[in-house]
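Fold and geometry: a report
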Amino acid sequence: MPQPESGTAPRRLRARPPLWRRAGFRTRRLRLRTRVILAFVLTTLVLSALLSVIVFALTRQSLLNGKENDALATVGFNASVVNRRLSPDIESEALQNLVSTLATPEGSRPVLRVGGDWFQPSFEFEQGDIDERLRRTVESGKPARMRYRAKDKPFLVIGIPIPGHNASYYEATPLDEIEDTLGSLGIILASTGGGVTFASALVGFWASRRLLRPLTDIGEAAQSIARGDLSTRLEAGPARELVALTDSFNEMVDTLQDRIARDERFAAEVSHELRSPLMTLSASVEVMNTRRAELPERTRTALDLLTEDVNRFEHLVEDLLEISRFDVGTAELDLDVFNLLEFVENAVSATSPAPVPIDCDRATARTRVQADKRRLVQIIDNLLSNAQKYAGGASGIILEQQGTEVVIAVEDAGPGVAGDERQRIFNRFSRGRQAVERGTSTGVGLGLALVAEHARLHQGRVWCEDRSDGRPGIRFVVRLPIALP
């Protein structure tokens with residue numbers, strides 16, 4: 001089938017994909033604007049989280065250090081008071097009164113051990129709440145402090161040994177106020193960080209939209225040019241940094257427009273200049289064919305070859321003229337309303353050397369379409385000619401109505417079209433690999449290109465696919481609107 005002629009391409013070694021890609025993982029690249037916004041958000045989030053952690057840690061350390069220093073001073077003073085008032089003959093009631101009258105900060109719970117007896121003024125913190133590790137350290141003669149939770153409350157417990165009386169003094173300072181303060185601080189920091197992150201997302205959206213707007217304009221301009229609108233140009237706007245870019249882009253488009261215009265004029269003028277000598281040559285060949293019976297055998301063979309080449313040359317010039325009309329924008333539709341099935345039957349009988357079966361349901365048989373008859377005939381003729389050249393002829397034509405569109409499909413039983421060629425064969429001067437290898441192609445690759453141009457002019461499209469019945473061959477599908485707006 002149609003494919004551009006080319007030499008054998010050098011073999012290229014492809015790098016082996018990474019393990020994660022071979023394992024089936026895929027990545028989706030984010031849009032540039034999304035990545036800019038994410039950069040703003042992630043940077044702000046990391047910085048706010050880092051700042052929040054630092055502020056929280058420093059505040060916590062400051063509050064705990066202040067609390068510990070105050071508690072150490074109080075516990076040391078109370079331990080000295082207890083040490084002075086202890087005596088071998090002091091009674092238990094006096095010890096209980098001693099513990100109850102100690103000057104402790106509000107909320108602190110003193111606990112005194114003398115020998116094997118324990119004295120505490122409150123049951124909110126008892127000897128059983130003292131951590132075993134702290135108790136062993138203090139009873140070994142070393143003062144110690146420890147922060148832990150007792151009865152579901154945080155405490156700072158400080159123990160001081162009184163070795164002369166086989167006693168030890170403990171004081172538990174509650175830390176719930178600090179815990180509440182740190183909790184409130186954490187909520188404030190988290191809320192502030194979330195607000196700052198949200199604000200950074202808005203700033204990132206605004207900045208990305210403003211910074212990437214020139215790139216968006218360039219992309220839209222490039223798409224417009226790719227669709228054929230060569231009058232598209234860019235404006236630099238107030239950004240002086242973009243002047244050089246927009247000037248270069250506009251200069252490139254001007255150059256491209258001039259180059260395309262020159263090529264179009266060249267093709268059109270050459271085609272027109274060829275028509276006059278071609279008409280003379282065709283007339284001469286016709287005159288020679290009228291005297292064919294009088295010519296020798298070798299001359300008749302040469303005349304047959306000449307006739308075939310002249311016909312081929314004539315078709316090539318007509319195709320080039322048609323293509324040039326599309327290029328210069330002068331191609332227009334001459335619309336008529338007609339019955340699709342009757343039209344296709346007449347077109348096939350007029351263009352195909354052999355009968356081709358047409359498959360059409362009852363609903364489609366009554367469908368009337370609005371189209372350019374000449375161009376639609378050329379679409380059918382080119383598809384049937386393409387099947388005749390490369391697949392031994394078309395095996396069938398299928399007509400279907402799908403909503404507000406009609407489908408004309410031409411099937412053959414040939415070798416088919418490779419997957420990597422199914423888009424390329426609709427390019428100009430493209431011919432299929434098999435046609436080039438077999439050397440049977442007499443075309444130049446404009447037939448399918450004209451089919452695509454005619455379909456596009458009708459606001460339709462054309463493509464090729466495998467046959468729906470699974471048999472060998474290919475199916476060329478033309479989808480056109482029933483009525484043009």
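Source: prediction; values computed, not measured.

**Here's the deal with the overall build of the chain**
Counting its secondary structure elements, the chain contains 12 helices and 12 strands. Split into buried and exposed, the 485 residues of the chain put 36% on the buried side. In the chain, of all internal contacts separated by at least 6 residues, the share reaching a separation of at least 24 is 64%. Accessible surface for the chain amounts to roughly 29,500 Å². Of this, 54% is attributable to carbon and sulfur atoms.

**Here we look at the pattern of salt bridges**
Taken as a whole and assessed by the stated rule, the structure comprises 24 salt bridges. Across the salt bridge formed by R147 and E68, the nearest N and O atoms sit 2.3 Å from each other. Taken together, the residues span a long stretch of sequence, with R147 in strand β3 (residues 144-150) and E68 in helix α2 (residues 32-85) at a distance of 79 residues. Judged by relative accessible area, which is 39%, R147 ranks as partly exposed. A single network of salt bridges, built from pairs that share partners, joins E411, E465, R467, D469, R471 and R475.

**A word on empty space enclosed by the protein**
All chains considered together, the criterion is met by one cavity of 30 Å³ or more. Estimates place the volume of the largest cavity at around 40 Å³. Lining the largest cavity are L340, V369, A371, L376, V406, I408, L480 and P481. Only β8 (368-372), β10 (405-412) and β12 (475-481) provide two or more residues apiece to the lining of the largest cavity. Taken together, the residues of the lining of the largest cavity sort by class into eight nonpolar, no polar and no charged.

Thresholds applied
Residues numbered from 1 in each chain as written. Predicted model: local features only at pLDDT ≥ 70, side-chain atom pairs only at ≥ 80, totals over all residues. Heavy atoms only, no water. Helix = DSSP H or I, 4+ residues; strand = E, 2+ residues; numbered from the N terminus. Buried < 20%, exposed > 50% of the residue type's maximum accessible area, 1.4 Å probe, protein only. Contact = heavy atoms within 4.5 Å. Areas by Shrake-Rupley, 256 points an atom, 1.4 Å probe, with all protein chains shown as cover. Salt bridge = Lys/Arg side-chain N within 4 Å of Asp/Glu carboxyl O. 1 Å grid on protein atoms, 1.4 Å probe; cavity = no way out; pocket = protein on both sides within 12 Å on 5 of 7 lines; lining within 4 Å. Points joined across faces, edges and corners; volume = space filled by probe spheres on them. Nonpolar A, V, L, I, M, F, W, Y, C, P; charged D, E, K, R; others polar.

Purely geometric numbers; function is a separate question.
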